[in-house]
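Structural features, examined
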Amino acid sequence: MELLRAVSLDVAVAGRSLLRGLNLSVSAGQCWALLGANGAGKTTLLHTLAGLRPPQGGSLWLQGAPLARLPRRQVAQRLGLLAQDSSDSFPATVLETALIGRHPHLGRWDSESEEDVERARQALAQVELTGLESRPCHTLSGGERRRLALATLLTQAPRLMLLDEPTNHLDLSHQIGALQHLRRLADGGEHAVLMALHDVNLAARYCDHVLLLFGDGTWQAGTAKELLNAEQLSRLYGYPVAQIAGPGGERVFLPR
């Protein structure tokens, strides 16, 4: 099932064209990596795809409906965005913060149910924050805050997940754990993941599709197998990249 479609999408910021004529289809079961150099427009594109900023041209469709016409509550029930950074706007505990993810599914005067609380606890367990439910958020480390932000998104349970550098601030073990869980969600066939990453090797390991942003308005989208190669990545980052075989025969990319 197609969850997101961009048709002839143009994205610009401060008069600079970041993307021209993007045609993109993201379907359930897919895990996409969004790759590009600093300033190429990855964050701006994710915010546009989430409906937080209007495109310069073209159209966006969310589960077959025009994104711009959907009420924000309906958008949040179908699509979730993990921002690049998070802040503590109000004093709250870890569990209270994770439960924010249930707000799109509640009525105006509804309170969280036991099922909502259990869903939040399960999400916290998935990011290894069990036992910290009562901790004030401002006492968490940067990596713990990042995992809490991911748990909040998992509690929201949208079918389409847009993530801006989900491994930011995470140590190696938690990077792998987070990406493995996102990959499992996609493999389940009900969800799709589109995430901006800086580590090309993590993208090659966990993503089956890639969207490359070259920073001059041009782009390429397709399978990771066909697009992730030394030539494309050298052009993408403006620095020579070499491809070697890893211990298991997998592709590994290194700067020359």
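Bear in mind that the values here come from a model prediction, so they are computed numbers and not experimental data. (Residues numbered from 1 in each chain as written. Predicted model: local features only at pLDDT ≥ 70, side-chain atom pairs only at ≥ 80, totals over all residues. Heavy atoms only, no water.)

Attention shifts here to the state of the cysteines. Between two cysteines, a covalent bond joining their sulfur atoms is known as a disulfide. Considering all chains together, one arrives at zero disulfides under this definition. Considering cysteine sulfurs only, C207 is the nearest to C31, which forms no disulfide, with 3.9 Å between them. By relative accessible area, C207 is classed as buried at 5%. (Disulfide = S-S within 2.5 Å. Buried < 20%, exposed > 50% of the residue type's maximum accessible area, 1.4 Å probe, protein only.)

This part takes up the pattern of salt bridges. Counted by the stated rule, this structure contains seven salt bridges. As a salt-bridge pair, E133 and R121 come within 3.6 Å of each other at their nearest N and O atoms. A residue pair is termed long-range when its members are at least 10 positions apart, and E133 in the loop between α4 (114-126) and α5 (142-156) and R121 in helix α4 qualify at twelve residues. Residue E133 is classed as buried on the basis of its relative accessible area of 14%. A residue is classified by how much of its surface remains accessible, and R121, at 36% relative accessible area, is partly exposed. Salt-bridge contacts for R183 lead to D208; the nearest nitrogen and oxygen are separated by 2.8 Å. Here the residue R183 occupies a position in helix α6 (residues 172-187), and D208 occupies one in the loop between α7 (200-206) and β9 (209-213), the gap between them amounting to 25 residues. Owing to a relative accessible area of 18%, R183 belongs among the buried residues under this scheme. Using a relative accessible area of 22% as the deciding quantity, one classes D208 as partly exposed. Through salt bridges with shared partners, one network takes in R183, D187 and D208. (Salt bridge = Lys/Arg side-chain N within 4 Å of Asp/Glu carboxyl O. Helix = DSSP H or I, 4+ residues; strand = E, 2+ residues; numbered from the N terminus.)

Residues apart from glycine generally show negative phi values, whereas peptide bonds are mostly found in trans. Its identity is not glycine, yet S8 carries a phi of approximately 50°, on the positive side. Tracing the chain through its elements places S8 in strand β1 (residues 2-13). The class of S8 is partly exposed, set by a relative accessible area of 39%. Even without being glycine, A157 reaches a positive phi, approximately 60°. Locating A157 in the fold gives a position in the loop between α5 and β7 (160-164).

Moving on: the side chain of H181. Along the chain, H181 falls in helix α6. Classification of H181 as buried rests on a relative accessible area of 14%. In this structure, H181 is in contact with Q126 and L154, ignoring residues within four places of it in sequence. (Contact = heavy atoms within 4.5 Å.)

Further remarks concern the packing of α5 against α6. Between α5 and α6, whose axes approach to 12 Å, the crossing angle comes to 10°. Between α5 and α6, the interaxial angle falls into the category roughly parallel. Both α5 and α6 take part in a crossing whose hand is left-handed. Along its contact with α5, which presents R147, L150 and L154, the element α6 presents H174, A178, H181, L182 and L185. Looking at side-chain class alone, the contact of α5 with α6 contains five nonpolar, two polar and one charged residues. (Axes fitted to C-alpha atoms, helices over the stretch in contact; angles between N-to-C directions. Parallel < 35°, antiparallel > 145°, perpendicular 65-115°, else oblique. Left-handed = near helix turned anticlockwise from the far one by under 90°. Nonpolar A, V, L, I, M, F, W, Y, C, P; charged D, E, K, R; others polar.)

This paragraph deals with the packing of α4 against α5. Geometrically, a packed helix pair is captured by the angle between its two axes and the distance between the axes. Two elements in contact, α4 and α5, have axes whose closest approach is 8 Å; the angle formed by their N-to-C orientations is 140°. Taken together, the axes of α4 and α5 lie oblique to each other. Two packed elements cross with a definite hand, and for α4 against α5 that hand is right-handed. Residue-level contacts link R119, A120, A123, L124 and Q126 of α4 to L148, A151, L154 and T155 of α5.

This next bit is on α5. For α5, spanning 15 residues, the distance from its first C-alpha to its last is 21 Å, which sits close to the expected 21 Å at 1.5 Å a residue. Across the 15 residues that make up α5, a large majority, 13, are buried. Phi for A157, located one or two positions after α5, is positive at around 60°. (Expected span 1.5 Å × (residues − 1).)

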